[in-house]
Amino acid sequence: MLTKFVIEGGHALSGAVTISGAKNAALPILAATILTKETITLHNVPVLEDISTMFSLLESLGKKITRKDNTVIIEEPNSLGYEAPYEIVNRMRASIAVMGPLVARLGKAIISMPGGCNLGPRPIDLHIKGIEALSATCCTTHGNLDVSAPEQGLIGTIMNLSSKNGSSVLATENILMAATLSKGTTIINGAAKEPEVVDLAKLLTKMGAKISGAGTESITIEGVSTLHGAEHAVVADRIETGTFIIAAAITGGEITINNCVPEHLEEAIRLFREAGISIDIIDDKTLFVKAGSSKKAVDFTTLPHPLFPTDLQSQFVAYLSLAEGKSIITETIYPDRFMHAAELNRMGANITVDNGIAKIIGIKELSSTSVMSSDLRGGAALVLAALATKGTSEVLRIYHIDRGYDKFEEKLKKLGAHITRTN
Ligand code: UD1
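Definitions and cut-offs
Residues numbered from 1 in each chain as written. Predicted model: local features only at pLDDT ≥ 70, side-chain atom pairs only at ≥ 80, totals over all residues. Heavy atoms only, no water. Phe/Tyr/Trp six-rings, centres within 6.5 Å; stacked < 30°, edge-to-face > 60°. Pairing = 2+ DSSP bridges. Helix = DSSP H or I, 4+ residues; strand = E, 2+ residues; numbered from the N terminus. Axes fitted to C-alpha atoms, helices over the stretch in contact; angles between N-to-C directions. Contact = heavy atoms within 4.5 Å.

1. Digging into the packing of aromatic side chains
Applying the stated criterion across every chain yields a total of eight aromatic pairs. Following the ring pairs from residue to residue traces out a cluster consisting of Phe 272, Phe 300, Phe 308, Phe 316 and Tyr 319.

See the structure below:
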C-alpha cells in the first residue's frame, strides 16, 4: 500500500514554522564534495528523500556519510569511483550534478542518462555543451553518458550556457563545479542566477575555489589545482517558505515564518500581496503572514530568478483557484507542469490548461475528495487545497512530496493542521 495523507480541512493555521535548508542548494553542494578528498561538514541539510538519494549516490562512488540530524559529514576513506548507476540516477534527475565534479577530479564520469519526468522532457544538452567547452569529450552508449577530460585535465574557456529556454540551474552548477579544477580561467555567460547557485559558490570558495559573479549572469572561475575540506550551512529553502506562506493564506490563518530569506522571494511576495495576502518582513530571516479579507485573482508568469519560480506555481494555483475573479498563469519553464490542475478540478476548481497557459476562474469553496500527487510541488499544492476545504480529503502518492519537503506534515500539524500519514 502506498502512503497517503488524510486531511481534515477548514482549520486556520497559526503559530510559527522554521524553514529547513534548501533541497536544491543541498543537492549540488553534496555533489561538490566529490571535488576534494578532504572532509566536508554541512549544516542545515534537510531530511528528505532526494537528499537520501544523493547520499546513496555518493556512497556508491566511495564517500562515507555520517548524518546527525541536520549536520552531515562527508569523508573519503578509499578511492572514488566514477560511475553513477541507473538505479540511483533514475530516482532523481539532479544526479547529473555529479558529472562535473567527477570529470574535474578523476578525469572521467559515466552517468546513466536521466529520462523524462512528470514535468515533461528535461534535456541535458546544456550540461554536455558546458563540459565539452571545457575540452571534455562526451559520448552516449548503452543509455550512459560517458565523459572524459583530456589527459592534462579540463581546460578553462569562455562559454555561453544559455539556450532558447534560458539558463539552466543545474547545468550552471555542474559547469561551475567542473571549472574550479580546470586549468586557467572559465567565464560562464548566460549563467543561472538562482540563490542556490550562489550558495554552492560560497561552499566552493570555502574549499579554496576562486569564483566571482555568482548570482549574476556571468560567473568567472579561476581554476586551482586542488580543493580542500570546509564547513558550510545550507541556505534556507525559498520554495518551502513560499509553500508555507500559501498554507497560512489559503486556510485564512496567520503564521510567523522563521529562518527564511525574504530577499530570495521578492517577486513572489509582490504577487502574493497582490493576491490579497498580508506579508510583513520582520527582519532578514523572519516573515509574518496573514490571510487577507479576500483572495484576489492575479496573472503571473514563471521565469528564472529573480522572477516568479516555477517551483511555486502549483501551490499558488491552488490558492488562486479560490480567488475572486480570473487568473492567467503562464508556465514558461515547464509548459507541461499542470498535472495538479486536473486534480484541483476534481475538488471543484475551474481551471483550463492550454499550451502552457492555465486559466483559473476562482470559486468560493473547494470540496473534499481523494486526489493524487503526480509530482513534488503539485503534490504540495493538493495538500494546501485539502487544508482549505471543509471536509476530509485524501492526498495519494505522497512519495512525491517526501522527495522535497522536510517533515512537511509535522510542521503543518504544529501550525494546527489536521493531517495524518497513513497506509
Ligand atoms: C532546477 C531545480 C528545479 C526547478 C528548475 C527550474 C534543482 C535540483 N532543481 O532544475 O526544482 O524547477 O531548476 O527553476 O535545482 N534545459 C535545457 N537544457 C538543459 C537543461 C535545462 O533546455 O540541458 C531547460 C529545461 O527544459 C527547462 C529550463 O531549461 O525548460 C530550466 O531547467 P533547469 O534550470 O535546468 O532545471 P534544473 O536545473 O534541472
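2. What to know about the pairing of strand 4 (residues 64–68)
Looking at chain direction, strand 4 and strand 5 (residues 71–75) are connected through five bridges and run antiparallel. Looking at strand 5, one finds that Thr 66 is bridged to Ile 73. What sits between the antiparallel neighbours strand 4 and strand 5 is a turn of two residues, in which Asp 69 has the positive phi angle 55°.

3. Digging into the sheet that holds strand 14 (residues 230–233)
The strand order 4-5-3-14 describes an open sheet built from four strands, whose pairing is mixed. Each edge of the open sheet carries a strand with a single partner, namely strand 4 and strand 14. With direction set aside, neighbouring strand axes in the sheet form an average angle of 15°. Each of strand 4 and strand 5 is contacted by helix 2 (residues 49–61), which is oriented at about 150° to strand 4, the strand it contacts most.

4. Points about the sheet that holds strand 17 (residues 286–290)
One open sheet accounts for four strands, arranged 2-15-17-16; its pairing is mixed. A single partner strand is all that each edge strand has here, and the edge strands are strand 2 (14–18) and strand 16 (278–283). Put simply, the sheet's adjacent strands are angled 20° from each other on average, direction ignored. Against the sheet, helix 8 (residues 238–250) makes contact with strand 2, strand 15 (254–258), strand 16 and strand 17, and its axis sits at roughly 165° relative to strand 15, the strand it touches most. In this fold helix 9 (residues 266–274) packs onto strand 16 and strand 17, with an angle of close to 140° to the strand it touches most, strand 16.

Note that every value here comes from positions in space, so none of it alone points to a role or purpose.
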